[in-house]
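Inside the fold
Spelled out, the chains give:
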Protein chains: 2
Amino acid sequence: MDRIPILKFGDCLLVTIQVDMHDELAMSLQEDLTAQIAKYASRGVLIDISSLEIVDSFIGRMLANIAAMSRVLDAQTVLTGMQPAVAITLVELGMSLPGIKTALNIERGMELLKEYVKQEVDAEDVDDTES
Amino acid sequence: MDRIPILKFGDCLLVTIQVDMHDELAMSLQEDLTAQIAKYASRGVLIDISSLEIVDSFIGRMLANIAAMSRVLDAQTVLTGMQPAVAITLVELGMSLPGIKTALNIERGMELLKEYVKQEVDAEDVDDTES
């Protein structure tokens, strides 16, 4: 296993992180994800970390980086399935993940992304009407 | 990593297999999946194997077992993301996976499951009207 699969789901991409991340895997995930956002013109990225029991500052930084990269490619990132212990650890590490939206499970995460995509489309419609 | 996460998605459960399966992991997946089907009264199971480059007879049997277990629990199984080489291997191994529906990617897989769930509901409606 040398790559984390990225599943296309309508307008969104779905990534479930199941294995311990290391430098190389994190780099390949960033590359693959940005490439797929560009390829499919995706509007949202949903990252599920429900099977991660430990999130250290390396993974926290990686998630923040992915969210920032997605944002400049015009895609919103939602992090789902965080375990309570992980939330405690992250805040204790001083990483409150600014700029990343979170949801309890992928259903709510998808709803959040759909709302975001809809808002964007509505805003574009308004722009079109005004111009 | 000692468990494969199972994501609830509306009426369906989503499993992405990313790691090499061994006996223990396969057993725990079967247990978790059947427990979750019962817990959420799920109508469909979507198993994505896009990151598996090798599927041997053990995994083939495990997938067939999961599909059979799901069926007796009244849930349909759809297998998605099979790589071409895996399809060749499976058929050469004499495993054409009878009883498992397949789809090219999870989008199409979800459509297939939705159609199946809808058909079932329609059939139940007809039964209700007749009785």
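In this report, we go over the structure that sits alongside the text. Since the structure is predicted, the reported quantities are computational estimates derived from the model, not experimental observations. (Residues numbered from 1 in each chain as written. Chains lettered and ligands numbered in written order. Predicted model: local features only at pLDDT ≥ 70, side-chain atom pairs only at ≥ 80, totals over all residues. Heavy atoms only, no water.)

**As for the interface of chain A and chain B**
- Chain A puts 17 residues into the contact, and the matching count from chain B is 17 residues.
- For the pair chain A and chain B, the summed buried area comes to about 1,700 Å², and 65% of that belongs to carbon and sulfur atoms.
- Linking chain A with chain B are two salt bridges.
- For the salt bridge of E107 of chain B with K8 of chain A, the shortest nitrogen-to-oxygen distance reads 3.2 Å.
- Applying the counting rule to chain A against chain B returns seven residue pairs in polar contact (both at pLDDT 80 or more). (Contact = heavy atoms within 4.5 Å. Buried area = accessible area lost by both parts, 1.4 Å probe. Salt bridge = Lys/Arg side-chain N within 4 Å of Asp/Glu carboxyl O. Polar contact = N/O pair within 3.5 Å; in protein donor to acceptor, adjacent residues only side chain to side chain.)

**Some thoughts on the side chain of Q76 of chain B**
Residue and element names in this part refer to chain B.
- For Q76, the location among the structural elements is in strand β4 (residues 76-80).
- Note on Q76: relative accessible area 12%, which makes it buried.
- In this view, Q76 contacts R43, G44, V45, K101, L113 and Y116; residues no more than four positions away in its chain are not counted. (Helix = DSSP H or I, 4+ residues; strand = E, 2+ residues; numbered from the N terminus. Buried < 20%, exposed > 50% of the residue type's maximum accessible area, 1.4 Å probe, protein only.)

**Description of the packing of helix α1 (residues 23-40) of chain A against helix α2 (residues 57-72) of chain A**
Residue and element names in this part refer to chain A.
- With their axes 10 Å apart at the nearest point, α1 and α2 run at an angle of 15° to one another. Between α1 and α2, the interaxial angle falls into the category roughly parallel. When you trace α1 past α2, the crossing you get is right-handed. Facing α1, whose interface residues are D23, A26, L29, Q30, L33, T34 and I37, α2 presents F58, M62, N65, I66, M69 and S70.
- Each residue belonging to the contact of α1 with α2 can be placed in one class, and the counts come to eight nonpolar, four polar and one charged. (Axes fitted to C-alpha atoms, helices over the stretch in contact; angles between N-to-C directions. Parallel < 35°, antiparallel > 145°, perpendicular 65-115°, else oblique. Left-handed = near helix turned anticlockwise from the far one by under 90°. Nonpolar A, V, L, I, M, F, W, Y, C, P; charged D, E, K, R; others polar.)

**Quick word on the sheet that holds strand β5 (residues 101-103) of chain A**
All names here are of chain A.
- Read from one edge to the other, the open sheet built from five strands follows the order β1-β2-β3-β4-β5, with strand pairing classed as mixed. The outermost strands of the open sheet, each flanked by one partner alone, are β1 (6-9) and β5. Each adjacent strand pair in this sheet contributes to an overall mean axis angle of 25°, direction not counted.
- Note: strand β4 (residues 76-80) against β5, three bridges, orientation parallel. (Pairing = 2+ DSSP bridges.)

**A word on the state of the cysteines**
- Within the structure shown, the criterion is met by zero disulfides over all chains.
- Cysteine C12 of chain A shares no disulfide, and the gap to the nearest cysteine sulfur, in C12 of chain B, comes to 17 Å.
- Its relative accessible area of 5% is what places C12 of chain B among the buried residues. (Disulfide = S-S within 2.5 Å.)

**Some words on the relation of the copies chain A and chain B**
- Taken as rigid bodies, chain A and chain B are interconverted by a rotation of 180° and an axial shift of 0.0 Å, the fit giving an RMSD of 0.0 Å. This pairing of chains is accounted for by a two-fold axis.
- Comparing interface residues between copies, 100% of those in chain A also sit at the interface in chain B, which points to an isologous, same-surface contact. (Least-squares fit on C-alpha atoms with pLDDT ≥ 70 in both.)

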